[in-house]
Amino acid sequence: MTSPAASTLVLTGANRGIGLELARRFLAAGGWRIHAGCRDPESADALAELARTHPDRLTVHPLEVTDAASVSAFAASLGDTPVDLLLNNAGMLNPHQTLDDIDFDAWERELQVNTLAPMRMALALRPQLRRAGNPRIVTISSQMGSLARPRSGSYAYRSSKAAVNKAMQGLALDLQGEGICVVVMHPGWVRTDMGGASAEIDPQESAAGIFSVATKLTLADTGRFLQWNGEEHPW
Ligand SMILES: NC(=O)c1ccc[n+]([C@@H]2O[C@H](COP(=O)([O-])OP(=O)(O)OC[C@H]3O[C@@H](n4cnc5c(N)ncnc54)[C@H](OP(=O)(O)O)[C@@H]3O)[C@@H](O)[C@H]2O)c1
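Residues numbered from 1 in each chain as written. Predicted model: local features only at pLDDT ≥ 70, side-chain atom pairs only at ≥ 80, totals over all residues. Heavy atoms only, no water.

- If you look the chain up in an unreviewed UniProt entry, it shows as NAD(P)-dependent dehydrogenase, short-chain alcohol dehydrogenase family from Stappia indica.
- Regarding the chain, the relevant UniProt record gives this comment under Sequence similarities (unreviewed entry): "Belongs to the short-chain dehydrogenases/reductases (SDR) family." (UniProt positions renumbered as here; feature names shortened; annotations may be inferred.)

In structure tokens form, the structure reads like this:
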């Protein structure tokens, strides 16, 4: 039986990388009911195994975060369940972002996934978030979107994360009156398909840090840009 006191997590991009470790971390902590979204549940073997071993605490949903119909079907499937934490984790980084090799179509796609989708998810789940006692929206951004760190290259990725930071900063102000805390987080440079083998930390460390930060957030934190280790990140 699910404990009536369980908090509800909505997690996107849960089938691999940081998202999969976040699902594992929240399950290990106990007290959380997880609705995990992924594009293709049929091929999400590791996530399906988690759902099989935790049938009352993890439900896998098909969720393509750039597709309005998919997002609204997902939100509708939650009914009036209060959502305590929305973790916008799904993201992409296309390989064609240098001056000699810019793929503008991929850049547009990246904006859809990294910038528009977190807003789409937040607005779709706003009714369920408003029903929770301490609702939080955490969007996994990146240090690569920080305007305080002048860097070149990765034009699509950097601009998509800078843009989602700005969108979430505004959302924090707009949703403050509804009691919803909105933050963005840098998860560290993480050894995933995206981060690569030479990245600094493993997904377990990143997920543990994000868990620790996200579960302690209150409305007093709204509008912050934080790192997985709890430190502030410059905008
Ligand atoms: N790894 C790092 O060093 C690092 C650093 C800074 C920020 N981040 C951010 O951390 C988050 C997770 O990254 P990661 O390293 O775990 O990446 P990853 O291993 O490449 O995993 C990306 C996840 O996002 C999902 N996704 C991509 N497009 C999607 C869409 N349109 N709809 C639904 N799901 C979609 C993927 O699903 P599929 O399997 O279906 O593709 C996958 O589950 C991202 O937002 C990323 O930008 C990562």
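Let's talk about the packing of aromatic side chains
- Enumeration according to the criterion identifies 4 aromatic pairs in this entry.
- Aromatic side chains phenylalanine 26 and tryptophan 32 sit 5.1 Å apart centroid to centroid with 90° between the ring planes, which places their arrangement in the edge-to-face category. Like phenylalanine 26, the residue tryptophan 32 is buried in the burial classification.
- Ring centres of phenylalanine 225 and tryptophan 235 lie 5.2 Å apart, and the angle between their planes is 55°; on these two criteria the pair is classed as tilted. With phenylalanine 225 in strand E9 (residues 225-227) and tryptophan 235 in the segment after E9, this pair connects stretches of sequence that are 10 residues apart.
- You can call tryptophan 235 partly exposed: its relative accessible area is 33%.
- Among the aromatic side chains, those forming a connected cluster through ring pairs are Phe26, Trp32 and Phe211.
- The ring of phenylalanine 211 has arginine 25 sitting right over it, with the charged end atom 4.4 Å from the ring centre. (Phe/Tyr/Trp six-rings, centres within 6.5 Å; stacked < 30°, edge-to-face > 60°. Buried < 20%, exposed > 50% of the residue type's maximum accessible area, 1.4 Å probe, protein only. Helix = DSSP H or I, 4+ residues; strand = E, 2+ residues; numbered from the N terminus. Lys NZ or Arg CZ within 6 Å of the ring centre and 35° of its normal.)

Details of the site of the ligand
- Every one of the 29 residues lining the ligand counts as a neighbour, but Asn15, Arg16, Arg39, Tyr157 and Thr192 are closest to it.
- Between asparagine 89 and the ligand, the recorded distance is 2.8 Å, taken from a backbone N or O atom to an oxygen atom.
- In this structure, glycine 91 approaches the ligand through a main-chain N or O atom, which is 3.3 Å from an oxygen atom.
- Here the ligand occupies the largest pocket.
- Only helix H1 (17-29), helix H4 (104-124) and helix H6 (155-176) provide two or more residues apiece to the shell around the ligand. (Near = heavy atom within 4 Å. Polar contact = N/O pair within 3.5 Å; in protein donor to acceptor, adjacent residues only side chain to side chain. 1 Å grid on protein atoms, 1.4 Å probe; cavity = no way out; pocket = protein on both sides within 12 Å on 5 of 7 lines; lining within 4 Å. Sits in = over half its atoms within 2 Å of the grid points.)

Things to note about empty space enclosed by the protein
- Enumeration according to the criterion identifies 1 cavity of 30 Å³ or more in this entry.
- When its volume is computed, the largest cavity comes out at roughly 30 Å³.
- In terms of lining residues, the largest cavity is bounded by Asn88, Ala90, Val113, Asn114, Pro118, Thr139, Ile140 and Lys161.
- Of all the secondary structure elements, the ones that give two or more residues to the lining of the largest cavity are H4 and strand E7 (136-140).
- Considered class by class, the residues forming the lining of the largest cavity number 4 nonpolar, 3 polar and 1 charged. (Points joined across faces, edges and corners; volume = space filled by probe spheres on them. Nonpolar A, V, L, I, M, F, W, Y, C, P; charged D, E, K, R; others polar.)

Description of the nonpolar core
- The biggest cluster of nonpolar side chains holds 35 residues, and the ones touching the most others in it are Phe26, Leu47, Leu87 and Val138.
- Mapped by element, the contributors of at least two residues to this core are strand E1 (7-11), H1, strand E2 (32-38), helix H2 (45-53), strand E4 (85-88), E7, strand E8 (181-186) and helix H7 (203-216).
- Residue contributions to this core peak at 6 residues, all from H1.
- In terms of nonpolar packing, the next biggest core, distinct from the first, is built from 25 residues, Val10, Ala117, Ile137 and Met168 among them. (Core = buried A, V, L, I, M, F, W, Y, C linked by side-chain atoms within 4.5 Å.)

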